[in-house]
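Each chain, written out:
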Amino acid sequence: MDADGAELFHDHGDGLHSHGPGGHSHAADGHHHTSVDPGRLHLRGVVLPEGVERDLWIVDGLLGFEPVADATTVSGRCWILPGLVDAHCHIGLNHAGAVGRDEAETQALTDRDAGTLLVRDAGSPADTHWIDDRDDLPRVIRAGRHIARPKRYIRNFAEEVDPDELVATVERQVARGDGWIKLVGDWIDREVGDLAPLWPKEVARQAIKRAHELGARVTAHCFEEQSVADLVDVGIDGIEHGTGISDEVIDQMAARQVALVPTLVNLQNFPDFAAAGEAKFPTYAAHMRQLFATRYEVLGKAREAGVPIFAGTDAGGQMAHGLIAHEVGQLAHLGDAEFALGAASWRARQWLGRPGIEHGASADLVVYDANPLEDLSVVHHPKLVILRGRVVLTR
């Protein structure tokens, strides 16, 4: 259970789903929300991951490395990262389904103020394209709406279809997204009393092939063993959670560079999920506890094998927004500080095709008073958040 607070259970018909650490942190103590218009700004600090102290100049929202006359210095001695990335987030969604613009805005602002300036929204029933017109909100890469089978996922989250409709549904969701599709790979099957795959393997193969033909990548929610084995075998591009990956599947993922977003802060809730389902589904409960007990071992093997791993909080559905620093801390269980930070910043940006600290790039930066590579707790306390060249938060 995350340190932010106790879990509050909500019954969605099967008693298995929790609402994660509660509350929004948009008005966190000691933070000042501001909006310095993009103009001529200057920072001097240690740029990560290179570890080199240098001057950065911002003109009209873009980064440069040559001195600019009349620039305002907004920070001196500091450590500068490319804006953080939450690669599994759900803006526009809460535990009950789609939310309105006001709540979605609060979610986006909460993530932004934690330093998350790029979000891969891994499924939302709400249309959040209006965010693209807001210079003060994070950039969002959408995966359309989750795709699941009827009564095999959380109520009001997914477009629920039978297997013979999967390919056509993928076509619809490609049009709603930004180059990604999100499948629900497994969920509890009440007939067997345990997690089980949702999609026949050949149907999944056809759906992934069609998404690729349309220029989209496909990722999937996978807790258990068989779903992830099937989906990796038929060519999926990413896996969310991944607690059931075997050594053989890890080798396949590493060879093909299939991305893994483990959402470790959400995996901490597995014991509570197990307890909630114990009475009706004891086999499921035991399975969830086993997946929880081996999570660091399994995911650590994936990292050591070279599977690309990225940070995601699973915010929105059942987890609070603004938890990216917590996820970075959890990722350090799988590797060192450089690995954990890179998974939430420069490596994630490269994977998603977005620039980091480069000449001419959008000035999307998170600035710290101390070196987060020496103390990851620093990530909880940004000194400045700069989005599109505009200082949007100071501390």
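Just so you know, the residues in each chain are numbered from 1, in the order the chain's sequence is written. Residues qualify for local features only when their pLDDT is at least 70, as the model is predicted, and side-chain atom pairs are given and counted only at 80 or more; totals for whole chains, interfaces and linings, by contrast, use all residues. Values reported for side chains reflect all heavy atoms of the structure, with hydrogen atoms and water molecules removed beforehand.

Caption draft 1: The arrangement of the side chain of E224 in detail. Put simply, DSSP H or I for four residues or longer makes a helix, DSSP E for two residues or longer makes a strand, and each gets a number counted from the N terminus. Residue position: E224 is located in the loop between β19 (217-222) and α4 (225-233). One buried charged side chain, E224, makes no salt bridge at all; its nearest oppositely charged neighbour is R152, positioned 8.1 Å away. Polar contacts involving the side chain of E224 include one to the main-chain amide nitrogen of Q226, which spans 3.1 Å. If we ignore the near neighbours within four places in the chain, the residues touching E224 are D186, L195, A196, P197, G244 and H287. Accessibility here uses a 1.4 Å probe with only protein chains present; expressed as a share of the type maximum, an area under 20% marks a residue as buried, one over 50% as exposed, and anything in between as partly exposed. Charged residues are defined narrowly, with Lys and Arg counted positive, Asp and Glu counted negative, and His plus the chain ends left uncounted. Take a side-chain nitrogen of Lys or Arg and a carboxyl oxygen of Asp or Glu: if they are within 4 Å of each other, that pair is a salt bridge. As used in this structure description, the phrase polar contact means that two N or O atoms lie within 3.5 Å; if the pair is within protein, one of them must be able to donate a hydrogen and the other to accept it, and residues adjacent in sequence are counted only when both atoms belong to side chains. Only heavy atoms matter for contacts: two residues are in contact if any of them lie within 4.5 Å across the pair.

Caption draft 2: Representation of the pattern of salt bridges in the model. As enumerated under the stated definition, the model contains 19 salt bridges in all. Its salt-bridge partner being E105, residue R134 comes within 2.7 Å of it at the nearest N-O pair. You can see R134 sitting in the loop between β12 (116-121) and β13 (139-142) and its partner E105 sitting in helix α1 (residues 101-113), a full 29 residues away along the chain. The salt bridge involving D247 is made with K301; its shortest N-O contact spans 3.3 Å. Residue D247 is located in helix α5 (residues 247-256), and its partner K301 is located in helix α9 (residues 295-305); the two are separated by 54 residues in the primary sequence. Since its relative accessible area comes to 33%, K301 is described here as partly exposed. By sharing partners, the salt bridges in this structure join R44, E53, D55 and R77 into a single network.

Caption draft 3: Here's a closer look at unusual backbone geometry. Look at the link from L48 to P49: it is a cis peptide, with omega at 15°. Mapped onto the elements, P49 comes out in the loop between β4 (40-47) and β5 (52-59). Backbone geometry at D60 places phi at a positive 50°, although glycine is not the residue there. On the secondary structure map, D60 appears in the loop between β5 and β6 (62-64). One non-glycine residue with positive phi stands out, namely H241, at about 80°. Turning to its location among the elements, H241 is positioned in strand β20 (residues 238-241). Residue H241 is classed as buried on the basis of its relative accessible area of 1%.

Caption draft 4: Quick look at α5. Regarding α5, the residues found buried are V249, I250, M253 and A254. Projection of α5 onto a plane perpendicular to its axis shows the buried side chains occupying an angular sector of 140°, all on one side. Facing away from the buried side of α5, by more than 90 degrees, are the exposed residues E248, D251 and A255. In this fold, the buried residues of α5 make contact with α4, β20, β21 (259-261) and α9. The positive-phi residue at the C-terminal boundary of α5 is Q257, with phi of around 55°. Note that the arc is computed from the directions linking the helix axis to the C-beta atoms.

Caption draft 5: Geometry of the packing of aromatic side chains. Here the aromatic set is Phe, Tyr and Trp, taking the six-membered ring for Trp, and pairing holds for ring centres within 6.5 Å; pairs whose planes are under 30 degrees apart are stacked, those over 60 apart are edge-to-face, and all others are tilted. Scanning the model with the defined rule gives six aromatic pairs in all. Ring centres of Y153 and W187 lie 4.8 Å apart, and the angle between their planes is 75°; on these two criteria the pair is classed as edge-to-face. In this pair, Y153 sits in the loop between β14 (147-148) and β15 (159-160) while W187 sits in strand β17 (residues 186-189), placing the two residues 34 residues apart along the sequence. Comparing Y153 with W187, the two get one shared label, buried. Considering the side-chain rings of F270 and F273, the 6.0 Å spacing of their centres and the 40° angle between planes classify their relative orientation as tilted. Note that F270 and F273 are positioned in helix α7 (residues 270-277) at a spacing of three residues, about one turn of the helix. Judged by relative accessible area, which is 0%, F270 ranks as buried. An aromatic cluster is present here, built from Y153, F157 and W187 joined pairwise through their rings. Charge-over-ring placement is defined geometrically: NZ (Lys) or CZ (Arg) within 6 Å of the ring centre, and within 35 degrees of the ring normal. The ring of W180 has R120 lying over it, and the distance from NZ or CZ to the ring centre is 4.6 Å. The cationic tip of R295 hangs over the ring face of F292; the distance from NZ or CZ to the ring centre is 3.8 Å.

Caption draft 6: Representation of the environment of L267 in the model. For L267, the location among the structural elements is in helix α6 (residues 264-267). Using a relative accessible area of 0% as the deciding quantity, one classes L267 as buried. Residues L267 and D314 lie 47 residues apart in sequence; the distance between their C-alpha atoms is 9.7 Å. When residues no more than four places from it in sequence are discounted, the contact partners of L267 are H241, T243, P262, F292, R295 and L299.

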